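# Coordinates in review
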Amino acid sequence: MTQKLKAETNSAAQTTLTTITSKDVEHVSEVVDKSTIKQPLVAVYCGSRMGNNPVYEAAARELGDALAKNDMGLVYGGASIGLMGAVADTVISGGAQAVGVIPTFMLDHEIAHEGLTRLHLTDTMHTRKAIMAEYADAFITLPGGLGTLEEIMEIATWRQLYQHEKPMVILNINGFYDPLIEHLKHTAAEGFMKQEDIERLVVCDDIESAVSLLNKLVHIDDPVATHKI
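It should be emphasised that the depicted structure is a prediction, and the values quoted were computed from it without experimental measurement.

## A short note on the overall build of the protein
A count of helices and strands for the protein gives eight helices and nine strands. Taken across its 229 residues, the protein has 51% of its residues classed as buried. For the protein, the share of sequence-separated contacts (at least 6 apart) that also reach a separation of at least 24 residues comes to 74%. A total of about 11,000 Å² of accessible surface is found on the protein, and carbon and sulfur atoms cover 52% of it.

## Considerations on the pattern of salt bridges
Considering all chains together, one arrives at eight salt bridges under this definition. Residue Arg-61 pairs with Glu-57 through a salt bridge whose shortest N-O separation is 3.0 Å. Taken together, the residues span about one helical turn, with Arg-61 and Glu-57 both in helix α2 (residues 54-69) at a distance of four residues. What makes Arg-61 partly exposed here is its relative accessible area of 31%. For Glu-57, a relative accessible area of 28% corresponds to the partly exposed category. Linking Glu-154 and Lys-129 is a salt bridge whose minimum nitrogen-to-oxygen distance equals 2.9 Å. Linking Glu-154 in helix α5 (residues 146-160) with Lys-129 in helix α4 (residues 125-135), this pair joins segments that are 25 residues apart in sequence. The network of salt bridges with common partners includes Lys-129, Glu-150 and Glu-154.

## Remarks on α4
Counting buried residues along α4, nine of its 11 residues qualify, which places the element largely inside the surrounding structure. Inspection of α4 places Thr-127, Arg-128, Lys-129, Ala-130, Ile-131, Met-132, Ala-133, Glu-134 and Tyr-135 among the buried residues, and these make up the whole buried set.

## A word on helix α8 (residues 207-217)
In an α-helix there are 3.6 residues to a turn, and that puts residues three or four apart on one side. Here α8 has its buried residues at Ile-207, Ala-210, Val-211 and Leu-214. What you see down the axis of α8 is that its buried residues fit within an arc of 90°, all on one side. With respect to the buried face of α8, the exposed residues turned more than 90 degrees away are Glu-208 and Lys-216. Contacts from the buried residues of α8 go to β3 (41-45), α2, β7 (138-141), β8 (168-171) and β9 (201-204). Its side-chain oxygen at 3.3 Å from the backbone nitrogen of Glu-208, Asp-206 defines the N-terminal cap of α8.

## Description of the environment of Asp-123
Looking at where Asp-123 falls in the secondary structure, it is placed in the loop between β6 (118-122) and α4. Of the residues examined, Asp-123 reaches a relative accessible area of 30% and is grouped as partly exposed. For the pair formed by Asp-123 and Ile-102, sequence separation is 21 residues and the distance between their alpha carbons is 8.7 Å. Beyond its immediate stretch of four places on either side in the chain, Asp-123 contacts Ile-20, Thr-21, Ser-22 and Phe-105. A polar contact of 2.9 Å, which involves the side chain of Asp-123, links it to the backbone nitrogen of Ser-22.

## A short note on the packing of aromatic side chains
Taken as a whole, this structure holds three aromatic pairs when the rule is applied. Arranged with centres 5.8 Å apart and planes meeting at 75°, the rings of Tyr-56 and Phe-176 form a pair that is edge-to-face. One end of the pair, Tyr-56, is in helix α2; the other, Phe-176, is in the loop between β8 and α6 (178-189), and 120 residues separate them in sequence. The exposure class assigned to Tyr-56 is buried, which follows from its relative accessible area of 12%. Through a chain of ring-to-ring contacts, the aromatic side chains of Tyr-56, Phe-176 and Tyr-177 assemble into a single cluster.

Criteria and cut-off values
Residues numbered from 1 in each chain as written. Predicted model: local features only at pLDDT ≥ 70, side-chain atom pairs only at ≥ 80, totals over all residues. Heavy atoms only, no water. Helix = DSSP H or I, 4+ residues; strand = E, 2+ residues; numbered from the N terminus. Buried < 20%, exposed > 50% of the residue type's maximum accessible area, 1.4 Å probe, protein only. Contact = heavy atoms within 4.5 Å. Areas by Shrake-Rupley, 256 points an atom, 1.4 Å probe, with all protein chains shown as cover. Salt bridge = Lys/Arg side-chain N within 4 Å of Asp/Glu carboxyl O. Arc of directions from axis to C-beta. Polar contact = N/O pair within 3.5 Å; in protein donor to acceptor, adjacent residues only side chain to side chain. Phe/Tyr/Trp six-rings, centres within 6.5 Å; stacked < 30°, edge-to-face > 60°.

Remember, this is a structural readout, not a statement about activity or role.
Next up, the structure:
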């Protein structure tokens, strides 16, 4: 079962590292304690690198700042590097809650953020994604690599299979996701997915539009049936 380890106390909050296994995910609502989470949490998928264009880091920091100013917190991959770290830094500095979820095997590659409200360790990537989905009241993606793409596509697939009804937003910074959007349109045109499944992935070109949308749609504790995935 879940093992809790003591971690350092920082000025923001006491961070508790919790190792969660794939077996625990069978009862994910019992493992994820949201009683002290007082804000809607937005799952942000993004790169563990900054990218080559400074516009991406600027967008990550702007998003984190906007979430905090609109009384929304963050759940994300738990790292202190890349766009992930930039979002977390600004959410935390804005006084909002931030929950990180990172597999133990990735600790050799991604340095866990030390300033989080709560940090969970997991045994697998699947467990990580299930925990994030349980915490999340909405999903938003910034530019990133294979992992980022896989995460937003998986959560869109869960929506297609009626496992949740939470908002999903693609932040198309600098036209980064133009090729993906065109591919999805092509997929629908070729009869492999419904147009309504594309439309559920709302595309926003700027942070203001994305956060405005979330303000209208996000409700704390909307369910996601992660136990069925």
